[in-house]
Amino acid sequence: MNTPTSLNPLVYQPDYEKLQEDEGQTITELVETLQEISDITSKDYGRAVRSVHAKPHGLIRGKLVIKDDLPDYLKQGIFAAAGTYAAVLRFSTSPGDILDDSVSTPRGIAIKVMGVEGERLTGELTSRTQDFLMVNGPAFLKPDAKSFLTSLKLLAKTTDKAEGLKKVLSAALRGTEKIIESVGGESPTIKSMGGHPETNILGETFFTQVPVLYGKYMAKLSLVPVAPELTALKDAPLEDGKENGIREAVSAFFKTNTARWELRVQLCTDIEAMPIEDASVVWPEEQSPYITVATLEAAPQVSWDDATFPQIEDRLSFSPWNGIQDHRPLGSVMRARRHAYEGSSTFRKQFNGCPMGEINSLEEV
């Protein structure tokens, strides 16, 4: 995407963020609810998995290449200078239990960029990584942490419940979503409940959904497929009825194909139209378009191996709070995520008895 000749991003001000009433209690209940999910699934599987985005569909090694012709307002954080960083990508779907792919839910990608210098947010001071977590929708399902807690409690009650019924419900919801989309609409709620179309994950565009600092500014990020081999997969149906159809599709692609995405940034230019504390608002692109700041590339490779990749999964953790101050997460949803991701990671480490120190090079994967 072309860089606009003029754009006036807002400089971050602390009063753009406002703590919710009883936010501490909300975060405590969120952590407890996610732990409830982890307690159930760890007993089922004999090992602890992530309390959200538990099912992986591929672990990919790649490289992030920062553009060398960015204007000053885009030269922020890890994008301040041209360069190439090693990266690890993890594809996933959103539930905290590992379901048959015919229970079709929103998709995610987690990106760990390595060799990043800067003042750390949290965690090990020796870490040199920056994580970006994205989902295939431009805005979060709920506006804030408190309203998300209500949804999460309902979701927790379905964990480990009647997968066969979930398949039937998912099929019905996909039919409903198809009807809505046939008349030009879309329902993020129906998609989140299992009505997401059964399509190839590699054709998706991903978004951080909630804002982060972009140096002295504020932004949302997006990962957009640009390689013809990827764009051809937009809305491409999966082979029906396969338990691990998404993983198999990813593996088939990376046997022979190179993937290339653009990493794009949408800067906040109007705090009313692009709020920090309401994560459900889609920031209008006519006011601030997504601008390409880097490319992400991945060569042909093995994207999943049942013999070794589960052990790599146990060592890896991703969090929007793993990174540098220049990309600090913003808003109540992100503030809650800090504690939620820490709790999930700690539980997995203790339950599985697996070291989970932050990796700093591809050789450690």
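Residues numbered from 1 in each chain as written. Predicted model: local features only at pLDDT ≥ 70, side-chain atom pairs only at ≥ 80, totals over all residues. Heavy atoms only, no water.

The protein goes by Catalase family protein in an unreviewed UniProt entry, where it is assigned to Methylophilus flavus.

## Topic: unusual backbone geometry
Put simply, the test is: Only runs of H or I of at least four residues qualify as helices and only runs of E of at least two qualify as strands under DSSP, and these elements are numbered from the N terminus. Type-normalised accessible area, obtained with a 1.4 Å probe on protein chains alone, sets the label of each residue: buried when under 20%, exposed when over 50%, and partly exposed for intermediate values.
Phi is positive for Asp-22, close to 60 degrees, though the residue is something other than glycine. Along the chain, Asp-22 turns up in the segment before α1 (23-45). Notably, Asp-235 is not glycine yet its phi reads approximately 65 degrees, a positive angle. By the secondary structure assignment, Asp-235 is in the loop between α5 (228-231) and α6 (245-256). Taking the relative accessible area as the measure of exposure, Asp-235 reaches 55% and is therefore exposed.

## Remarks on the nonpolar core
Heads up, the condition is: Residues enter a nonpolar core if they are buried and are Ala, Val, Leu, Ile, Met, Phe, Trp, Tyr or Cys, with the set joined through side-chain atoms within 4.5 Å. Only heavy atoms enter the contact rule, under which two residues are in contact if any of them lie within 4.5 Å.
Of all hydrophobic cores here, the largest spans 54 residues; its most connected members are Phe-79 and Trp-261. Not counting chain neighbours up to four residues away, the residues in contact with Phe-79 comprise Ile-66, Leu-70, Leu-74, Phe-132, Tyr-214, Leu-221, Leu-263, Val-293, Ala-294 and His-327.

## Some remarks on the packing of aromatic side chains
Here is the rule: In summary, the pairing rule links any two rings of Phe, Tyr or Trp, Trp by its six-membered ring, whose centres are within 6.5 Å, and it sorts them by plane angle into stacked for under 30 degrees, edge-to-face for over 60 and tilted for everything else.
Counted according to the given criterion, the structure contains 8 aromatic pairs. Summarising the aromatic geometry, the rings of Phe-91 and Trp-261 are spaced 6.4 Å apart at their centres and angled 40 degrees between planes, so their arrangement reads as tilted. Of this pair, Phe-91 sits in strand β2 (residues 83-93) while Trp-261 sits in strand β8 (residues 259-267), and the two are 170 residues apart along the sequence. The burial state of Phe-91 is the same as that of Trp-261; both residues are buried. Judged by centre distance (5.9 Å) and plane angle (65 degrees), the ring pair of Phe-207 and Tyr-290 falls under edge-to-face. Of this pair, Phe-207 sits in strand β5 (residues 206-207) while Tyr-290 sits in the loop between β8 and β9 (291-298), and the two are 83 residues apart along the sequence. Residue Phe-207 is classed as buried on the basis of its relative accessible area of 13%.

## Examining empty space enclosed by the protein
So the rule is basically this: Using protein atoms alone on a 1 Å grid, points that fit a 1.4 Å probe yet trap it form a cavity, whereas open point sets bounded by protein on both sides within 12 Å along at least five of seven lines form a pocket; residues with an atom within 4 Å of a point count as lining. Grid points are joined across faces, edges and corners, and a volume is the space filled by probe spheres set on the points. Each residue is assigned to one class: nonpolar for Ala, Val, Leu, Ile, Met, Phe, Trp, Tyr, Cys and Pro, charged for Asp, Glu, Lys and Arg, and polar for all the others, Gly among them.
With the rule as written, the count across this model stands at 5 cavities of 30 Å³ or more. Roughly 80 Å³ of volume is contained in the largest cavity. As for the largest cavity, its lining consists of Lys-55, His-57, Thr-93, Pro-95, Asp-97, Leu-99, Asp-100, Asp-101, Val-103, Ser-104, Thr-105 and Ile-246. Classifying every residue of the lining of the largest cavity by side-chain character gives 4 nonpolar, 4 polar and 4 charged.

## What to know about the side chain of Ser-319
Rules: Definition of a polar contact: a pair of N or O atoms within 3.5 Å, with one able to donate and the other able to accept a hydrogen when the atoms are protein atoms, and with sequence-neighbouring residues admitted only if both atoms are side-chain atoms.
Its location among the elements puts Ser-319 in the loop between α7 (309-315) and α8 (332-352). By relative accessible area, which is 13% here, Ser-319 ends up buried. Here the side chain of Ser-319 touches Trp-321 through a polar contact of 3.0 Å, landing on its backbone nitrogen. Among all residues touching Ser-319, those that are not within four sequence positions of it are Asp-131, Leu-133 and Tyr-341.

## Description of the environment of Thr-129
By the secondary structure assignment, Thr-129 is in strand β4 (residues 129-135). In this structure Thr-129 comes out as buried when scored by relative accessible area, which is 0%. C-alpha separation for the pair Thr-129 and Ala-87, spaced 42 residues apart in sequence, amounts to 9.0 Å. A polar contact is formed between the side chain of Thr-129 and the side chain of Asn-322, at a distance of 2.9 Å.

## Observations regarding the side chain of His-53
Position of His-53 among the secondary structure elements: in the loop between α1 and β1 (55-66). Look past the residues within four positions of His-53 in its chain and what remains in contact with it is Arg-90, Ser-92, Thr-93, Ser-94, Pro-95, Arg-107, Gly-108 and Val-135.

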